[in-house]
Amino acid sequence: MSKIRTRFAPSPTGKMHVGNLRTALYEYLIAKHENGTFVLRIEDTDQERFVPEALDIIYNTMKLTGLNHDEGPDKDGGYGPYVQSERMKSGMYLKYAKELVEKGEAYYCFCTKERLENLRASSTTEDGKEIAKYDKHCLGLSKEEVEANLKAGVPYVIRQNNPESGTTTFHDAIYGDITVENEELDDMVLIKADGYPTYNFANVVDDHLMGITHVVRGNEYLSSAPKYNRLYEAFGWEVPEYVHCPIITDENHKKLAKRSGHASVEDLLEQGFLPETIVNFVALLGWSPSEDREIYSLKELEEVFDYHHISKSPAVFDITKAKWMNGEYIKAMDMESFLEYAIPIIREVVAKDYDLEKIAGLVKTRIEVFPDIKEKIDFFDELPEYDIAMYTHKKMKTDSENSLEVLKEMLPLLEAQEDYSIAGIEALCKEYIAKKELKNGRVLWPLRTAVSGKQMTPGGAYEIMEILGKEESLARIRKGIELLENA
RNA sequence: GGCUCCAUGGUCAAGCGGUUAAGACAUCGCCCUUUCACGGCGGUAACACGGGUUCAAAUCCCGUUGGAGUCACCA
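Residues numbered from 1 in each chain as written. Chains lettered and ligands numbered in written order. Predicted model: local features only at pLDDT ≥ 70, side-chain atom pairs only at ≥ 80, totals over all residues. Heavy atoms only, no water.

Looking at the overall build of chain A
Scanning chain A from terminus to terminus reveals 19 helices and 11 strands. Taken over the C-alpha trace, chain A has a radius of gyration of 32 Å; the compact-globule value for 487 residues is 23 Å, which it surpasses by more than 25%. Projected onto its principal axes, the C-alpha coordinates of chain A cover approximately 105 × 55 × 35 Å. When each of the 487 residues of chain A is scored for burial, the buried share is 49%. Taking the average place of the 60 positive charges on the side chains of chain A and the average place of its 86 negative ones, the gap between the two points comes to 1 Å. (Helix = DSSP H or I, 4+ residues; strand = E, 2+ residues; numbered from the N terminus. Rg over C-alpha atoms; globule rule 2.2 N^0.38 Å. Buried < 20%, exposed > 50% of the residue type's maximum accessible area, 1.4 Å probe, protein only. Lys, Arg positive; Asp, Glu negative; His and termini not counted. Charge placed at Lys NZ, Arg CZ, Asp CG, Glu CD.)

Regarding the domain arrangement of chain A
Partitioning chain A into domains gives domain 1 (5–73 + 248–316), domain 2 (91–245), domain 3 (335–377) and domain 4 (388–485). Each partner contributes residues to the interface: domain 3 has 9 residues there, and domain 4 has 9 residues. Counting each side, the surface lost to burial between domain 3 and domain 4 is near 800 Å², with a carbon and sulfur contribution of 63%. Among the residues of domain 3 in contact with domain 4, Tyr354, Lys358 and Leu362 are the three that bury the most area, contributing 59% of the side total. If you look at where domain 3 meets domain 4, you find 1 salt bridge. A salt bridge links Lys358 to Glu466; the shortest N-O distance between them is 3.6 Å. (Domains from an automatic or database assignment. Contact = heavy atoms within 4.5 Å. Buried area = accessible area lost by both parts, 1.4 Å probe. Salt bridge = Lys/Arg side-chain N within 4 Å of Asp/Glu carboxyl O.)

Some thoughts on the protein's contact with RNA strand B
Not every one of the 65 residues close to RNA strand B is listed here, only the nearest: Lys192, Lys255, Gly286, Glu294 and Arg366. Near the protein, within 4 Å, the atoms of RNA strand B are sugar or phosphate in 70% of cases. Here a base nitrogen of RNA strand B sits 3.2 Å away from a polar atom, N or O, in the side chain of Tyr221. At a separation of 3.4 Å, a base nitrogen of RNA strand B approaches a polar backbone atom of Ala461. (Near = heavy atom within 4 Å. Polar contact = N/O pair within 3.5 Å; in protein donor to acceptor, adjacent residues only side chain to side chain.)

Some remarks on the packing of helix H1 (residues 18–33) against helix H10 (residues 275–283)
Taken N-terminus to C-terminus, the directions of H1 and H10 make an angle of 80 degrees; their axes are 10 Å apart at the nearest point. One element, H1, and the other, H10, form an angle in the roughly perpendicular class. Counting all contacts with H1, which are made through Val18, Leu21, Arg22, Leu25 and Tyr26, the residues of H10 involved are Ile278, Val279, Val282 and Ala283. When grouped by side-chain class, the residues that make up the contact of H1 with H10 number 8 nonpolar, no polar and 1 charged. (Axes fitted to C-alpha atoms, helices over the stretch in contact; angles between N-to-C directions. Parallel < 35°, antiparallel > 145°, perpendicular 65-115°, else oblique. Nonpolar A, V, L, I, M, F, W, Y, C, P; charged D, E, K, R; others polar.)

Some thoughts on the pairing of strand S1 (residues 5–8)
Residues of S1 alternate between two faces, with Arg5 and Arg7 on one and Thr6 and Phe8 on the opposite face, all of them buried. The sheet contact formed by S1 and strand S2 (residues 37–40) spans 4 bridges and is parallel. Looking at the pairing, Phe8 lines up with Leu40 of S2. The β-α-β motif built from S1, the intervening H1 and the parallel element S2 has right-handed crossover chirality. (Pairing = 2+ DSSP bridges. Right-handed = clockwise from strand over helix to strand, strands pointing away.)

Focus: the pattern of salt bridges
Following the criterion strictly, the structure yields 29 salt bridges and no others. The residue Asp206 makes a salt bridge to Arg87 at a minimum N-O spacing of 2.2 Å. Remark: Arg87 occurs in helix H3 (residues 84–88) and Asp206 occurs in helix H7 (residues 199–209); sequence separation between them is 119 residues. Judged on exposure class, the residue Asp206 and its partner Arg87 are both buried. Lys321 is the salt-bridge partner of Glu294, the closest N and O atoms lying 3.0 Å from each other. One end of the pair, Glu294, is in the loop between H10 and helix H11 (298–304); the other, Lys321, is in helix H12 (residues 319–332), with 27 residues separating them in the sequence. Judged by relative accessible area, which is 32%, Glu294 ranks as partly exposed. Of the residues examined, Lys321 reaches a relative accessible area of 34% and is grouped as partly exposed. Bridged by salt links that share partners, the residues Arg7, Glu27, Arg41, Glu43, Arg87, Asp206 and Asp207 form one connected network.

Observations regarding the nonpolar core
Membership of the largest hydrophobic core comes to 136 residues, with the highest contact counts inside it found for Phe201, Phe317, Phe380, Leu447 and Ile477. Those residues in contact with Leu447 that lie beyond four places of it in its chain are Leu407, Met410, Leu414, Cys429, Ala461, Met465 and Ile477. Counting residues in each nonpolar core, the second largest holds 7 residues, with Tyr107, Cys109, Tyr134 and Val157 among its members. (Core = buried A, V, L, I, M, F, W, Y, C linked by side-chain atoms within 4.5 Å.)

Overview of the state of the cysteines
One pass over the structure, following the stated rule, counts 0 disulfides. Between Cys109, a free cysteine, and Cys138, which holds the nearest cysteine sulfur, the sulfur-to-sulfur gap is 3.8 Å. (Disulfide = S-S within 2.5 Å.)

What about the sheet that holds strand S7 (residues 189–191)?
On the basis of which strands lie adjacent, the open sheet formed by 3 strands has the order S3-S4-S7 and antiparallel pairing. At either margin of the open sheet sits one strand with a lone partner, and together these are strand S3 (106–109) and S7. For this sheet the average axis-to-axis angle between neighbouring strands, irrespective of direction, equals 40 degrees.

A short note on H7
In terms of burial, H7 is a largely internal element, 8 of the 11 residues being buried. Along H7, the residues that are buried comprise Asn200, Phe201, Ala202, Asn203, Val204, Val205, Asp206 and Asp207. As for H7, its buried residues are in contact with S1, H3, helix H4 (92–103), S7, strand S8 (214–218) and helix H8 (225–235). With its phi angle positive at about 65 degrees, Gly211 sits one or two positions after the end of H7.

A word on the side chain of Asn219
Counting through the fold element by element, Asn219 comes out in the loop between S8 and H8. Engagement of the side chain of Asn219 in a polar contact is seen with the side chain of Tyr175, the distance being 2.8 Å. Not counting residues up to four positions away in its chain, the partners in contact with Asn219 are Tyr175, His244, Cys245, Pro246 and Ile247.

Describing the packing of aromatic side chains
Evaluation of the coordinates by the stated rule reveals 18 aromatic pairs. A centroid spacing of 6.1 Å and a plane angle of 35 degrees characterise the contact between Phe338 and Phe370, whose relative ring orientation is tilted. On the criterion of sequence distance, the pair formed by Phe338 in helix H13 (residues 335–349) and Phe370 in the loop between helix H14 (356–363) and helix H15 (372–377) is long-range, its members being 32 residues apart. Judged by its relative accessible area of 0%, Phe338 is buried. Taken together, the aromatic side chains of Tyr96, Phe201, Phe235 and Trp237 make up a single cluster linked through ring pairs. Against the face of Tyr228 rests Arg217, its NZ or CZ located 4.3 Å from the ring centre. The ring centre of Tyr296 lies 4.1 Å from the NZ or CZ of Arg293, which sits over that ring. (Phe/Tyr/Trp six-rings, centres within 6.5 Å; stacked < 30°, edge-to-face > 60°. Lys NZ or Arg CZ within 6 Å of the ring centre and 35° of its normal.)

Structure (structure tokens):
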């Protein structure tokens, strides 16, 4: 069996769609699983939609996610160039298209945009839904007429010539054999009026020339697949293994689009997802491993990935589960890497001179996504306004009255206390609790409330007081006493 | 609308003729605990429907219904 070669062929038109990333990932995994070659090819045949920054986005995301290519524009493997606009310079696409024209598998078309629009309009029903295929008008042109038009410089495109009867069958690794009536096949444009090949055509030519063995694509391309097959057949080329993946949808089961808010890798990164999570999560959309397990690094995926386990039905991108997974990754992170992500965010909320690393430690197991940190630690800089009803907690058996008592009794002890480490404060509190024969909650609840002004906090009274330090802790407790007394 | 594809809990999904129909997220309850979270334990919840084939169907076939994708000189 020949060595596997896969390719990721994005067009630089904007952000990296997660569906795109998954395609790239599967291509990468199919290749790496078999020790094959993963190539990056840039499909920039649409000059109108081309956006230069998109190139950086492509390279950056691939680097960030670890999908390193073996060949590409920046890594020649002997199949270059790897950018279609560069490949076009040699006139190769046109050459191949002409070969098809000679074989009768394609033809020149001089139809104007207006004629095509009229054609469409005339075959459209009242509800504006029915769209016709090209009527092969220019197929009827004589050789002489074509020559004359070409000589006169009339703008032209080259279209595929599909038969009007019979059927075409293509095979997909996931969906099996799919057969369609040839009369359904539109004579798609191969070479555009500007001389560039269309995506469909360049794709086939380049995949062949680059020796690509497995083609992974989203199943939105399923309906155009038969036309590809005809192209391969017309050229007499071997058809690669098609692997169509199910669509990734939003919660409404519609193709994931920008408005969902998490359609691109950039969106996800901005929302505080780790690259590892994105890769892991996206791998599991439409594919599942044979063992009962969900957390996989890229390396591990390379080992277990078997594309035959890709499923057929669409998968909803469940942001809730993605967050859970991100939380798992955060918990598993070593402190050092966690701090790199967390500290900058903590700084946004905490301006005072507290030990940010300690704050980070408090929060590490309590967040799913980095921005979650903010609202959890907003009380450090400034004690929020809070209602004294917060002192009342049924389970802790506290109310505003006994809370006041506890705070008043603890205040002098805490004033006298020098050691404001967790252990120091704990020892002090425990001693008091033991002496008074109370439950922990009876005294710790009021303390934590006074010191944080919040119902829920990361860490308990000890942790918070250690970070706040003696002076601030005492100030907040006095404030609590004052509030309770004035109630 | 034509064509194509798809159909197991709210979501991701295992299953590939014989199972008490896994597991995960979410949700609910309990435990742990100074709150929340983490962690642990447990619960609720699914084979769209109708016909076949078969001793036996979530699994195979047909139909219905539902959903999606696609129908560009975009990719």
